[in-house]
Amino acid sequence: MKNNKGVFMKKTLLIFLTFALSSIAYAKNIEMQCNIKSTALIVMNNGKPSLDYSTLKGKNIDIFIGSTKRNILYSAKLDDEKSYGIDLEHSISLNRNYEWIKEMISKDKVEVVRYLNDQYQVIKITNDSIDAKYFAQWNFGWVDKSFRLQRYYKDDWQGTYISHIGDSSIIFGLDCRSKSSDVDGFIQFMQKNIKGHDNNKL
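The present account deals with the structure reproduced in this document. Predicted, not measured: the structure shown is a model, and the values here were computed from it. (Residues numbered from 1 in each chain as written. Predicted model: local features only at pLDDT ≥ 70, side-chain atom pairs only at ≥ 80, totals over all residues. Heavy atoms only, no water.)

1. Thoughts on the pairing of strand β12 (residues 156-165)
Next, step 1: Where strand β11 (residues 141-153) lies against β12, ten bridges are found, and the strand directions are antiparallel. Opposite Gln-150, over in β12, you have Gln-158 as the bridge partner.
Next, step 2: Here β11 hands over to β12 after two residues, with Lys-154 in that stretch at a positive phi of 45 degrees.
Next, step 3: Direction of pairing for β12 relative to strand β13 (residues 168-180): antiparallel, over a ladder of ten bridges. When the bridges of β13 are listed, Asp-156 appears paired with Arg-177.
Next, step 4: Taken together, β12 and the strand that follows it, β13, pair antiparallel across an intervening segment of two residues, in which Gly-166 is found at a positive phi of about 60 degrees. (Pairing = 2+ DSSP bridges. Helix = DSSP H or I, 4+ residues; strand = E, 2+ residues; numbered from the N terminus.)

2. Focus on the environment of Arg-151
Next, step 1: In this fold, Arg-151 is placed in strand β11.
Next, step 2: Looking at Arg-151, the relative accessible area reads 24%, which means it is partly exposed.
Next, step 3: At a separation of 2.6 Å, a polar atom in the side chain of Arg-151 contacts the main-chain carbonyl oxygen of Asn-127.
Next, step 4: There is a polar contact of 2.6 Å between the side chain of Arg-151 and the backbone oxygen of Lys-154. (Buried < 20%, exposed > 50% of the residue type's maximum accessible area, 1.4 Å probe, protein only. Polar contact = N/O pair within 3.5 Å; in protein donor to acceptor, adjacent residues only side chain to side chain.)

As structure tokens, this is what we get:
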């Protein structure tokens, strides 16, 4: 009976935490749906490619960047029931005067850099470009994931998503449509609420 009660409490706590994390309201966000137009793959095993991501051509990757006064979240998620290890989701704390965080906020640019131990994260946003990068050392090797987008017409963007995991690499060519295109408003929110600091130790 005690074991059943413990399992029930653990499940209840898990449900609560999941709901709490999913219900975070971001003051400003940027959302895009990107269609995979092309793929390039380097995953070799005994002289042959061991995985084929060409089947993902035509699938979508949903890109999200959200900010509160405390943190900025960036994610890229494949619109498929299998993530293939492609998905990217990380956050960076803001308004913390730590030597491993740099915040550079100007009239037309937001740049946040975090470096701690074996992790390196970067977010750069201008009116016409968005760059996000996550680089870290895991048990099985280095992980390096990033997306880079450029606006080419109003709410139309294009760019690449690149994933290096261990000895495998994949590049997607993306054509994106903005769901929430208030990039200017996002930058203005950061200007108003993020104090910004640049530590020379970075």
